[in-house]
Amino acid sequence: MNVTAEELAAGRLSPESLELAVRLIEVNGFVLFEEVLPRAQTEALYARMEGLLQGFMEEKGFNLRDGFHDGTNHIGLHLPFEQPFCHESLIAHPFVTDVVDRILGEDCLLTYFASNTSMPGGTKAQHVHADMGARFGDRCGANLPITHLVVNYPFVDVTEENGPMEAWPGGTHLHPDRWYGPNAHDKSRLAEHMLSFKATMPAGSILIRDDRMWHRGTPNRSDRPRTNMALIYTSAANGPGEGSIAIPRETYDGLSEKARRLLRKEKIGFPAARPD
Ligand SMILES: O=C(O)CCC(=O)C(=O)O
């Protein structure tokens, strides 16, 4: 979706754009706002992320040539709740919060603070999957309301070459509940015969997606990590009793009212966790 220069300057979507974004997620499973964050910010995020990824690879004994995680060379890394990651423009960007509030309710929560990286050298794509499991498995043939929205901010330009996420929009998020359970049809087999797109986009774009929309990570054929931030917003009724994001008290107290409200169930008063 095109964001206008006026919306970028105001830092807020117009009522018409907000309506369109909400409808696109409802009907198509996702919306993409291109190139919203400034380059200087994504470059600083990328530099910090490269350091974290290097440390993680060393700790795990992973190397790119031998490959890891089933040859996908994909890393899902929880992030420490500290700068530059816990910046207001990432955790409570008004483009995002206006959309998530409309879809999940104004009392929704931010419950996941992590990143997804396709490291160079991968030889295989991930299995096609939804991020959500079934709530009632084979016993439920109805489509249930949305409970989680994933928000991705790429820290680098995502191209055909460097391992874009591939997605199957247009209805895969609207299947009956049992389609997300262990006995569901094999998504990878079906997906071969379905239309998909590679989510290429400039650094600093914002991708908001229903977590049920089918997708997968693809191999990175460049020589640099394709990395992004992955946040999950959850409706209050479906949030955890006690969250898992460790947030130092002074960091929490320095956040905006909106960000504090989003994070109110998390582990406030704990030192920022090591990336894992
Ligand atoms: O490549 C991506 O960003 C998507 C990764 C993904 O879907 C996963 O790790 O579950």
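Residues numbered from 1 in each chain as written. Predicted model: local features only at pLDDT ≥ 70, side-chain atom pairs only at ≥ 80, totals over all residues. Heavy atoms only, no water.

Engineer: Before we move on, can you summarise the overall build of the protein chain with the specific residues and values?
Structural biologist: Counting its secondary structure elements, the protein chain contains 8 helices and 11 strands. Rg of the C-alpha trace for the protein chain: 18 Å, near the compact-globule value of 19 Å for 276 residues, within the 12% margin. Projecting the C-alpha coordinates of the protein chain onto the three principal axes gives extents of approximately 45 × 45 × 40 Å. When each of the 276 residues of the protein chain is scored for burial, the buried share is 50%. Within the protein chain, contacts between residues at least 6 apart in sequence are counted, and of these 86% link residues at least 24 apart. Of the accessible surface of the protein chain, which amounts to about 12,800 Å², a share of 51% is contributed by carbon and sulfur atoms. The protein chain carries 28 positive and 37 negative side-chain charges, and their two centres are separated by 5 Å. (Helix = DSSP H or I, 4+ residues; strand = E, 2+ residues; numbered from the N terminus. Rg over C-alpha atoms; globule rule 2.2 N^0.38 Å. Buried < 20%, exposed > 50% of the residue type's maximum accessible area, 1.4 Å probe, protein only. Contact = heavy atoms within 4.5 Å. Areas by Shrake-Rupley, 256 points an atom, 1.4 Å probe, with all protein chains shown as cover. Lys, Arg positive; Asp, Glu negative; His and termini not counted. Charge placed at Lys NZ, Arg CZ, Asp CG, Glu CD.)

Engineer: Go over the site of the ligand with me, naming the residues and quoting the values.
Structural biologist: With respect to spatial proximity, the complete set of residues near the ligand consists of His74, Asn116, Gln126, His129, Met165, His215, Gly217, Arg226 and Asn228. Take Gln126: an N or O atom from its side chain is 2.9 Å from an oxygen atom of the ligand. The separation between an oxygen atom of the ligand and a polar side-chain atom of Arg226 is 3.0 Å. Cavity membership is defined here by more than half of the atoms lying within 2 Å of grid points; on that basis the ligand lies in the largest pocket. (Near = heavy atom within 4 Å. Polar contact = N/O pair within 3.5 Å; in protein donor to acceptor, adjacent residues only side chain to side chain. 1 Å grid on protein atoms, 1.4 Å probe; cavity = no way out; pocket = protein on both sides within 12 Å on 5 of 7 lines; lining within 4 Å. Sits in = over half its atoms within 2 Å of the grid points.)

Engineer: Any chance you could break down the packing of aromatic side chains for me, citing the residues and the numbers?
Structural biologist: Considering all chains together, one arrives at 6 aromatic pairs under this definition. Look at Phe81 and Phe113: their rings are 4.8 Å apart centre to centre, the planes differ by 40°, and that puts the pair in the tilted class. One end of the pair, Phe81, is in the loop between β2 (74–78) and α4 (88–91); the other, Phe113, is in strand β3 (residues 109–118), with 32 residues separating them in the sequence. Each member of the pair, Phe81 as well as Phe113, carries the same accessibility label: buried. Where Trp179 meets Trp214, the ring centres are 6.3 Å apart and the plane angle is 25°; that geometry is what we call stacked. Highlighted residues: Trp179 in the loop between β5 (166–168) and α6 (187–191) and Trp214 in strand β8 (residues 214–216), separated in sequence by 35 residues. In this structure an aromatic cluster arises from ring pairing among Phe56, Phe62 and Phe68. In this structure, Lys267 packs its charged tip against the face of Phe270, placed 4.9 Å from the ring centre. (Phe/Tyr/Trp six-rings, centres within 6.5 Å; stacked < 30°, edge-to-face > 60°. Lys NZ or Arg CZ within 6 Å of the ring centre and 35° of its normal.)

Engineer: Explain the pairing of strand β7 (residues 206–210) to me, and be specific about the residues and the numbers.
Structural biologist: Among the 5 residues of β7, 5 are classified as buried, and the element is accordingly described as predominantly covered. Burial along β7 is two-sided: Ile206, Ile208 and Asp210 facing one way and Leu207 and Arg209 facing the other are all buried. As paired elements, strand β4 (residues 148–154) and β7 share 4 bridges and run antiparallel to each other. Residue pairing across strands places Val151 opposite Ile208, the latter belonging to β7. (Pairing = 2+ DSSP bridges.)

Engineer: Provide a residue-level description of the layout of surface pockets, including the pertinent values.
Structural biologist: Approximately 270 Å³ is the volume found for the largest pocket. Asn116, His129, Asp131, Arg209 and His215 are the residues nearest the centre of the largest pocket, which is lined by 19 residues in total. Elements represented by at least two residues in the lining of the largest pocket include exactly β3, β4, β8 and β9 (226–234). It is β9 that provides the largest number of residues to the lining of the largest pocket, a total of 4 residues. A breakdown of the residues in the lining of the largest pocket according to their chemical character gives 5 nonpolar, 9 polar and 5 charged. Roughly 170 Å³ of internal volume is contained in the second largest pocket. Lining the second largest pocket are 13 residues, and of these His78, Leu79, Ser244, Ile245 and Ala273 lie nearest its centre. (Points joined across faces, edges and corners; volume = space filled by probe spheres on them. Nonpolar A, V, L, I, M, F, W, Y, C, P; charged D, E, K, R; others polar.)

Engineer: Before we move on, could you go through the sheet that holds β4 and cite the residues and values that matter?
Structural biologist: Read across the open sheet, the 6 strands follow the order β1-β7-β4-β9-β3-β2; overall the sheet is antiparallel. A single partner strand is all that each edge strand has here, and the edge strands are β1 (30–33) and β2. Averaged over all adjacent pairs, the angle separating strand axes in this sheet is 20°, with direction ignored. Across 5 bridges, β2 lies against β3 in antiparallel orientation. Looking across to β3, one finds that Leu77 is bridged to Ser115. Helix-sheet contacts for helix α2 (residues 15–28) involve β1, β4 and β7, and the interaxial angle to β1 is about 140°. (Axes fitted to C-alpha atoms, helices over the stretch in contact; angles between N-to-C directions.)

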